Amino acid sequence: QQEFLPPSEVAKADMDSTKEEEALLQSVRRAGAVVPRKRAVGRLVMHSMVMFGREFCYAVEAAFVTPVLLSVGLPKNLYSLVWLISPILGFMLQPVVGSASDHCTCSWGRRRPYILGLGIIMLLGMALYLNGDMMISAFIGERQKQQTWAIIITMLGVVLFDFAADFIDGPIKAYLFDVCCHEDKEKGLHYHALLTGLGGALGYLTGAVDWGQIMLGYSLTSEFQVIFFFAALVLLICLAVHLRSIPEVPLRYENEESKFLLEVTESYKYSSIEEEIKNGYLKSTCTEIKAEAKPGKCADQRRMTLKSLLKTLLNMPSHYRCLCVSHLFGWMAFLSNMLFFTDFMGQVVYHGSPYAPHNSTLYLSYRKGVEMGCWGLCINAISSSAYSYIQKILLPHLGLKGLYFIGYLLFGLGTGLIGLFPNVYSTLALCSLFGIMSSTLYTVPFHLIAEYHREEESLKLQDGEQAGQHGRGKGIDCAALTSMVQLAQIILGVCLGLLVSVAGSTVTVISASTVALIGCCFVAFCVHYVE
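Remember, it's a predicted structure, so these values are computed and weren't measured experimentally. (Residues numbered from 1 in each chain as written. Predicted model: local features only at pLDDT ≥ 70, side-chain atom pairs only at ≥ 80, totals over all residues. Heavy atoms only, no water.)

For this particular structure, what's the right way to read the overall build of the protein chain?
Across its full length, the protein chain carries 20 helices and 0 strands. Counting over 531 residues, the protein chain shows a buried share of 53%. Sequence-distant contacts in the protein chain: of pairs separated by 6 or more residues, those separated by 24 or more amount to 84%. Within the structure as shown, the protein chain displays about 24,600 Å² of accessible surface, and the carbon and sulfur contribution to it stands at 64%. (Helix = DSSP H or I, 4+ residues; strand = E, 2+ residues; numbered from the N terminus. Buried < 20%, exposed > 50% of the residue type's maximum accessible area, 1.4 Å probe, protein only. Contact = heavy atoms within 4.5 Å. Areas by Shrake-Rupley, 256 points an atom, 1.4 Å probe, with all protein chains shown as cover.)

Rendered as structure tokens:
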């Protein structure tokens, strides 16, 4: 039953209602209960800068980690261990980090503390694997101990860097979803993909420069130190810009303001606020608060254990699981091609051999093929950046389903043609299709996550309290999606190395094509698209 106020209080309430409504709505907007306001393009670009720095450092790792590991004398039987430790840790722990960020009550926000911490770990990992040999030489004089400790420090650096660089993507995407309206989420994802491609291209070009012939190369003791200087500088600048881009509202402030709103709306029931509730602007807030007010619910969510987390992941709606499977297919195809692409160029396209004597024609041909492969990866990064812009034009015409399908299809056909006709110029031209796949993987699945959450919010408005009864947040959904990257690395690390040793590098592009075309069918028939 509705309770009525005395006439004098009603008159007073009418006089002050406009101001109080504005204050309340402002409070809710600050808390993120209502769809956040639109963000300026500059803010979205600032938010995306972290992807530029992350991909720049990834490109540096791709170009230099193998030479570094070889230079410190890492045994061949430990290569697989280096590449498997990080994805195994990531696959096991990434959902835990995603859930923890959903319930983080830090005064600085929910996502930014994790992004800052993972950025620092990335910097530490780069410092160790690019400078580990020099650091150990400064402290240990015995040659045998130097080599042993240099291998340990370098491996630790690679694992730390991969671990943090893989983990950081989930909190970044959740941060974007938290602070942006639906239209800005789409723009932000496109800017993420654009700057990811540019960062990768610049990183590969930085690795191609002969720094020994430049003044900076003379002032530092090795080329690896020069590369670390540039990579660390880029990462720190991009991370600082990202963290200052869009403010977050701490979770505990959100709850306090929401409870204040509930008390006022329930006590006074101003007619204008009632209209806002009917229109759906405040109803979801009240619904969520009532759900949180149930004894122990909020505390139980924040104290989520690994067991309950796994239960949450297993109980995800089927369309989330299908999206994760399609993402797994995409990354398995993409990584099986990218991890061995330079080796494919050296052995298959240029007919060289990495096992030949270093002064032989076969080995020089292999080195030339590897260099040409780096240029192909640069073309991939540039095309990824360009396609992320073209996606904005194609999206209204093709929809997310069309973009998802085309990305997998073009990549599958392109890698298949490379495997069947391994020619230098055609291979370099088809490298542009790698960029289409890369841009697709970085944008479309996260678009779908945003659409799913938007659909769930609309259900909350229709169904009241019942629709708010789920323990998942944006952080854990993004983490579950990005953990498929680690699972793909684990599967490829176990299986693909054996296939390459048996059948040669050609099997990598053929397997990439096959998996991409299977994923193409899965994307077309199994993934749910919001109308």
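How should the pattern of salt bridges be read in this particular structure?
Should their charged atoms come close, side chains of opposite charge can pair. With the rule as written, the count across this model stands at 5 salt bridges. Between K38 and D184 there is a salt bridge whose closest N-O contact spans 3.6 Å. Note that K38 is positioned in the loop between α1 (7–31) and α2 (41–71) and D184 in helix α7 (residues 182–208), a separation of 146 residues in sequence. Owing to a relative accessible area of 0%, D184 belongs among the buried residues under this scheme. With a shortest N-O distance of 3.7 Å, D178 and R110 are connected by a salt bridge. Placement of the pair is D178 in helix α6 (residues 169–179) and R110 in the loop between α3 (79–102) and α4 (112–139), with a sequence separation of 68 residues. Summarising the burial analysis for this pair, D178 and R110 share the class buried. What emerges from the salt-bridge pattern is a single network uniting R110, R111 and D178. (Salt bridge = Lys/Arg side-chain N within 4 Å of Asp/Glu carboxyl O.)

Hey, could you run me through the nonpolar core in this one?
Within soluble globular proteins, side chains that are nonpolar tend to cluster in buried spots. Counting residues in each nonpolar core, the largest one holds 115 residues, and the members touching the most others are Y404 and L448. Counting residues per element, this core draws most heavily on helix α18 (residues 424–463), which supplies 16 residues. Apart from residues no more than four positions distant in its own chain, L448 is found in contact with L323, L400, Y404, V527, H528 and Y529. (Core = buried A, V, L, I, M, F, W, Y, C linked by side-chain atoms within 4.5 Å.)

Please explain the packing of α4 against α6 as it appears in this structure.
The relative placement of two packed helices is expressed as an angle between their axes plus a distance between the axes. At a closest axis distance of 9 Å, the pairing of α4 and α6 adopts a crossing angle of 150°. Here α4 is positioned roughly antiparallel relative to α6, judged by the angle of their axes. The two elements α4 and α6 cross, and the hand of that crossing is left-handed. Residue-level contacts link R112, Y114, I115 and L118 of α4 to P171, I172 and Y175 of α6. (Axes fitted to C-alpha atoms, helices over the stretch in contact; angles between N-to-C directions. Parallel < 35°, antiparallel > 145°, perpendicular 65-115°, else oblique. Left-handed = near helix turned anticlockwise from the far one by under 90°.)

Please explain helix α15 (residues 318–338) as it appears in this structure.
For an α-helix, 3.6 residues make a turn, and residues three or four places apart therefore share a direction. An ideal rise of 1.5 Å per residue puts 30 Å on 21 residues; α15 measures up with 30 Å between its terminal C-alpha atoms. In terms of burial, α15 is largely enclosed, as 16 of its 21 residues are buried. (Expected span 1.5 Å × (residues − 1).)

Explanation requested: the packing of helix α17 (residues 361–420) against helix α20 (residues 506–525) in the structure shown.
Two elements in contact, α17 and α20, have axes separated by 8 Å at closest approach and are oriented at 155°. Between α17 and α20, the interaxial angle falls into the category roughly antiparallel. The way α17 lies across α20 gives a crossing that is left-handed. Where α17 approaches α20, its residues K401, Y404, F405, Y408, L409, F411, G412, L413, T415, G416, I418 and G419 are matched on the opposing element by T506, V509, I510, A512, S513, A516, L517, G519, C520, V523 and A524.

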